[in-house]
Amino acid sequence: MSYIKPAELATRMVDAGAYKLQLSTRDTLIRAFMGAALLTIAAAFAVTVSTQTGQPLLGAVLFPVGFVMLYLLGYDLLTGVFTLGPLAVLDRRPGATFGSLMRNWGLVFLGNFGGAFLVAILMAIYFTYGFSTAPSAVGEAISEIGHGRTVGYADHGAAGMLTLFIRGVLCNWMVSTGVVLAMVSDSTIGKIVAMWLPIMLFFYMGFEHSIVNMFLFPSGLLMGADFTVWDYIVWNELPTVVGNLVGGLVFVGLPIYFTHGRPKARKAREARAALRRARSVVAEAPADTTPVTRQEAGSELEPSRV
């Protein structure tokens, strides 16, 4: 299996962020919608496995199938663009501006919510026979998750809000690590293995993922869970989104970008080194050799300003 070294990985991350910021509105919405739909179907699958087998670890081991499918198909999650988009802006890529970043984040959020909410409706129908019966055991488990992760936090006040935020940070630390690790290999098997590990970890630990929650909580509400839409927005979704942003950018994107060298700065250093080598060749040339001007020897090697 191929392995991409961190220096090249940093370039790939910036390239991916720049590409996503330039996508059309239609493409951004479609990719976000489908990405969330696949991920949340996998979340329903994982909860089903955990409930029916009584083995939460087994559900966590299997949950990454959704993440793998959506990234192999080139779809997007808000948690991923939180990490990649800002790197393109920092690197001053053409078209990568603060405005284009905000546009991308907003469109991906809307697309993710649409895909997750559709799956929430479909799963609520599935778990209640079209709302004609009480929820199945899996439906009740989803409802209880929604109650515990809204009212459960609210019962602890500020400490609960802090815990919710930290779980959001830890979640996207792992999820964005999965996004980045998908780029460290050019083989399908290599990508799958690399992605699987951090995604399994986040799900089993019960960290807060804003897109998964876009499915769990609306689905629970549709099946009569004991919390409100306001509880969901204030005591989960908004703090989770902020935590996901901090976790992905601060603990994944920025460390790799700065530690392994900003791509433009690295290219400039390489160009300066090539220029020095060219000048050395000129200085060591025989005396009867026709002088080579600086422009002839290295003008095209002069690094661009970054």
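Note that the coordinates shown come from a computational prediction; the quantities given were computed from them, not determined experimentally. Residue numbers restart at each chain and count upward from 1, following the sequence in its written direction. Reporting of local features is limited, given that this is a predicted model, to residues whose pLDDT is at least 70; pairs of side-chain atoms are given and counted only at 80 or more, and all residues count toward the totals for whole chains, interfaces and linings. Excluding hydrogens and water, the side-chain values take into account all heavy atoms of the structure.

Details of the overall build of the protein
What counts here: Helical segments are the DSSP runs of H or I of at least four residues, strand segments are the runs of E of at least two, and each set is numbered from the N terminus. Two residues form a contact once any of their heavy atoms are found within 4.5 Å. Each accessible area value is a Shrake-Rupley result obtained with a 1.4 Å probe; residue values ignore everything except the protein chains displayed when judging cover.
A count of helices and strands for the protein gives 14 helices and zero strands. When the helices and strands of the protein are listed from N to C terminus, the series reads α-α-α-α-α-α-α-α-α-α-α-α-α-α. For the protein, the share of sequence-separated contacts (at least 6 apart) that also reach a separation of at least 24 residues comes to 81%. Summed over its atoms, the accessible surface of the protein is roughly 14,700 Å², and 67% of this surface lies on carbon and sulfur atoms.

Some words on the nonpolar core
Counted only if it meets this: Buried Ala, Val, Leu, Ile, Met, Phe, Trp, Tyr and Cys residues form a nonpolar core when they are joined through side-chain atoms within 4.5 Å. Throughout this description, buried means an accessible area under 20% of the type-specific maximum (1.4 Å probe, protein chains only), exposed means over 50%, and partly exposed covers the range between.
In this structure, Phe63, Phe67, Phe202 and Phe215 are the most contacted members of the largest nonpolar core, which totals 71 residues. For this core, the leading source of residues is helix α2 (residues 25-53), giving ten residues. When near neighbours in sequence (up to four residues on either side) are disregarded, Phe67 contacts Leu39, Leu77, Val175, Gly178, Val179, Met195 and Ile199.

Regarding the packing of helix α5 (residues 78-90) against helix α12 (residues 229-259)
The geometry of a pair of packed helices is captured by two quantities: the angle between their axes and the separation between those axes. To be explicit about the condition: All axes are obtained by fitting lines to C-alpha atoms, using only the stretch in contact for helices, and the reported angles, taken between N-to-C directions, cover 0 to 180 degrees. Roughly parallel covers angles under 35 degrees, roughly antiparallel covers those over 145, roughly perpendicular covers 65 to 115, and oblique covers all other angles. A clockwise turn of the near helix away from the far one marks a right-handed crossing, whereas an anticlockwise turn of less than a right angle marks a left-handed crossing. Note that Gly is not counted as nonpolar here; it falls among the polar residues with everything else outside the nonpolar set of Ala, Val, Leu, Ile, Met, Phe, Trp, Tyr, Cys and Pro and the charged set of Asp, Glu, Lys and Arg.
Direction vectors running N to C along α5 and α12 enclose 45°, while the axes themselves pass 8 Å from each other. Taken together, α5 and α12 sit at an angle that is classed as oblique. Two packed elements cross with a definite hand, and for α5 against α12 that hand is right-handed. Where α5 abuts α12, its residues Leu78, Thr79, Phe82, Thr83, Pro86, Leu87 and Leu90 lie against Val241, Asn244, Leu245, Gly248, Leu249, Val252, Gly253, Leu254, Tyr257 and Phe258. In the contact of α5 with α12, the residues fall into twelve nonpolar, five polar and no charged.

What to know about the environment of Gly35
With respect to the secondary-structure elements, Gly35 resides in helix α2. Taking the C-alpha atoms as reference, Gly35 lies 8.6 Å from Gly111; in sequence the two are 76 residues apart. Among all residues touching Gly35, those that are not within four sequence positions of it are Leu70, Tyr75, Asp76 and Leu77.

As for the packing of aromatic side chains
Rules: The pairing test for Phe, Tyr and Trp rings, Trp by its six-membered ring, is centres within 6.5 Å, and the orientation test on the planes gives stacked under 30 degrees, edge-to-face over 60, and tilted for anything in between.
This model, assessed by the stated rule, comprises eleven aromatic pairs. Seen in terms of ring centroids, Phe217 and Tyr232 are 5.4 Å apart; in terms of plane orientation they differ by 20°. Their pairing is stacked. Pair noted here: Phe217 is in helix α11 (residues 210-222) and Tyr232 is in helix α12, with a separation of 15 residues, a long-range link. Taken as a pair, Phe217 and Tyr232 share a single burial class, namely buried. Within the aromatic cluster, the residues linked to one another by ring pairs are Phe63, Phe202 and Phe203.

Topic: unusual backbone geometry
The backbone of Arg92 sits at a positive phi, close to 60°, despite the residue not being glycine. Judged by its relative accessible area of 63%, Arg92 is exposed. Here the phi dihedral of Tyr129 falls at roughly 50°; this positive angle occurs in a residue that is not glycine. Within the element layout of this structure, Tyr129 appears in the loop between α6 (98-128) and α7 (137-148). We classify Tyr129 as exposed; its relative accessible area is 69%.

Notes on the packing of helix α4 (residues 64-72) against helix α10 (residues 188-205)
Packing of α4 against α10 leaves a shortest axis separation of 9 Å and a crossing angle of 135°. By the angle class used here, α4 and α10 are oblique. Relative to α10, the crossing made by α4 is right-handed. For the pair formed by α4 and α10, the contact residues are Pro64, Val65, Phe67, Val68, Tyr71 and Leu72 on the first element and Thr188, Lys191, Ile192, Met195, Trp196, Ile199 and Met200 on the second. Residues that form the contact of α4 with α10 fall into these classes: eleven nonpolar, one polar and one charged.

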